[in-house]
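Take a look at the letters that make up each chain.
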Amino acid sequence: MKTTDPDLLRKSDGPGGPGLPAQRPAPATPPPSSEGQSKTGGTLNVFSHGVLVIWAFLVAMPLLWAVMTSFKDDKSIFDSPWSLPDRLHFENWSRAWTQAHMSEYFLTTIVVVAGSLIGTLLLGSMAAYVLARFDFPGNRFLYFLFIGGLSFPVILALVPLFFVMNNLGLLNTTHGLILVYIAYSLPFTVFFLTAFFRTLPTSVAEAALIDGASHSRTFFQVMLPMAKPGLISVGIFNFLGQWNQYLLPTVLNTDPDRKVLSQGLVQLAVSQGYKGDWSGLFAGLVMAMLPVLGAYIVFQRQVVAGLTAGALK
């Protein structure tokens, strides 16, 4: 009879089973070096900060140069364009404001942009709220119809739009230009606010409806105040586009007494033929930039909050 030594069995029993030799544990892999990660992260930070510094310089330098040039005379603009002005020529600003009729252009632009901005935000927020909160036949069709308006070039609609405005008696009128600005800005506004209204909690609106509030009261008193960051964000973008609009007023607003600011700047550039008033032109250009820059500086926090609201849900 064959016998087996129990001590031999105990020695040979291992992870591989009885009678098999024991397997050695695999060597542990060393953790990744934190020093290498810090070097890679530091290189990326230096590169990203360098790109941001270059981008900030490219954006801020033309603005600063335009402000500096607006306080020079015409001779200094061409003789030493990069040097500081010998003295501040405030008469450039007063000449552009009075003699070049920038005050009239400025007032007309404020009326047109204010009216179109209010109408765009009101109609756009109402349409976006319905598309975001209510399910009905044709909901997606209407939504994609607004999206399609973003891809439609405005230049293709200028000729038919001119005849439509002329037949309706809205050509060369302030309210006609306001309506065109509203129609031009609605696609982006509805697209932006529809995504924003979808991020708002539905429990608040349901609680208001349970308490007896109507749909209109729920929208104006509950949901619209909650959408304030999104309204400010899309309002800034619309304000920027409508304030700098040149193509539409050039075609639909040919009355010299109703020109907007962009038309006035072009008129100022060509008013003296071959001898342009360059110092007055730069002064008018800075006047046109200041409202946009001021609005963005004041509401920059709300703009960032509105743009990142959907990502932070």
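Residues numbered from 1 in each chain as written. Predicted model: local features only at pLDDT ≥ 70, side-chain atom pairs only at ≥ 80, totals over all residues. Heavy atoms only, no water.

S.K.: Describe a nonpolar patch on the surface, listing the residues and the values that go with them.
M.R.: A grouping of Ile54, Phe57, Leu58, Met61 and Trp82 is seen on the molecular surface, where their side chains present a nonpolar patch of about 600 Å² in accessible area. Here isoleucine 54 is to be found in helix α2 (residues 34-69). The exposure class of isoleucine 54 is exposed, given its relative accessible area of 53%. (Patch = residues over 30% accessible without salt bridge, like charges linked within 9 Å, V, L, I, M, F, W, Y side chains within 5 Å. Areas by Shrake-Rupley, 256 points an atom, 1.4 Å probe, with all protein chains shown as cover. Salt bridge = Lys/Arg side-chain N within 4 Å of Asp/Glu carboxyl O. Helix = DSSP H or I, 4+ residues; strand = E, 2+ residues; numbered from the N terminus. Buried < 20%, exposed > 50% of the residue type's maximum accessible area, 1.4 Å probe, protein only.)

S.K.: Kindly report on the confidence of the model for the protein chain, identifying the contributing residues and their values.
M.R.: Overall, the predicted model of the protein chain reaches an average pLDDT of 83, with 81% of residues at or above 70. Averaged pLDDT values for the elements of the protein chain fall to 46 in helix α1 (residues 6-12) and rise to 94 in helix α5 (residues 102-133). The low-confidence segment residues 8-22, where pLDDT is below 50, has 13 contacts with residues more than four positions distant or belonging to other chains. (pLDDT = per-residue confidence, 0-100. Contact = heavy atoms within 4.5 Å.)

S.K.: Account for the side chain of threonine 120, naming residues and giving values.
M.R.: When you line up the elements, threonine 120 lands in helix α5. Within the structure, the side chain of threonine 120 is placed 2.6 Å from the backbone oxygen of serine 116, a separation counted as a polar contact. If near-sequence neighbours (up to four positions away) are discounted, threonine 120 is found in contact with Ser125, Tyr181, Ile182, Ser185, Leu186, Thr189, Asn238 and Gln242. (Polar contact = N/O pair within 3.5 Å; in protein donor to acceptor, adjacent residues only side chain to side chain.)

S.K.: Quick rundown of the packing of aromatic side chains? Include the residues and the values.
M.R.: Enumeration over the complete set of coordinates arrives at 17 aromatic pairs. Residues phenylalanine 162 and phenylalanine 163 carry aromatic rings whose centres are separated by 5.7 Å and whose planes lie at 85° to one another, so their mutual orientation is edge-to-face. Accessibility expressed as a relative area gives 28% for phenylalanine 162, which makes it partly exposed. Through a chain of ring-to-ring contacts, three or more aromatic side chains come together here, namely Tyr129, Phe134, Phe197, Phe219 and Phe220. (Phe/Tyr/Trp six-rings, centres within 6.5 Å; stacked < 30°, edge-to-face > 60°.)

S.K.: Account for the pattern of salt bridges, with residues named and values stated.
M.R.: Per the counting criterion, the structure on display carries three salt bridges. One salt bridge in this structure joins lysine 75 and aspartate 79, with 2.7 Å as the shortest N-O distance. Residue lysine 75 and its partner aspartate 79 are both found in helix α3 (residues 74-79); the two are separated by four residues, about one turn of the helix. In this structure lysine 75 comes out as exposed when scored by relative accessible area, which is 60%. One salt bridge in this structure joins arginine 258 and aspartate 255, with 3.5 Å as the shortest N-O distance. The exposure class assigned to arginine 258 is partly exposed, which follows from its relative accessible area of 35%. Overall, the relative accessible area of 23% leaves aspartate 255 in the partly exposed class.

S.K.: Describe the nonpolar core, and please don't skip the residues or the numbers.
M.R.: Counting residues in hydrophobic clusters, the biggest one holds 20 residues, and the most contacted among them are Ala96, Met102, Phe239, Trp243, Leu261 and Ala288. Secondary-structure elements contributing two or more residues to this core are α5, α11 (228-243), α13 (261-270) and α14 (278-298). In terms of residues, this core owes the most to one element, α14, which gives six residues. When neighbours within four sequence positions are excluded, alanine 288 is seen to be in contact with Trp243, Leu261 and Leu265. (Core = buried A, V, L, I, M, F, W, Y, C linked by side-chain atoms within 4.5 Å.)

S.K.: Help me get a handle on α11, residues and values and all.
M.R.: For α11, spanning 16 residues, the distance from its first C-alpha to its last is 21 Å, which sits close to the expected 22 Å at 1.5 Å a residue. All buried positions along α11 are accounted for by Gly230, Leu231, Ile232, Ser233, Val234, Gly235, Ile236, Asn238, Phe239, Gln242 and Trp243. (Expected span 1.5 Å × (residues − 1).)

S.K.: I'd like to hear about the packing of α5 against helix α8 (residues 174-197), residue by residue, with values.
M.R.: Axis separation between α5 and α8 bottoms out at 6 Å; the angle between their running directions is 35°. Along this stretch, α5 crosses α8, giving a crossing that reads as right-handed. (Axes fitted to C-alpha atoms, helices over the stretch in contact; angles between N-to-C directions. Left-handed = near helix turned anticlockwise from the far one by under 90°.)

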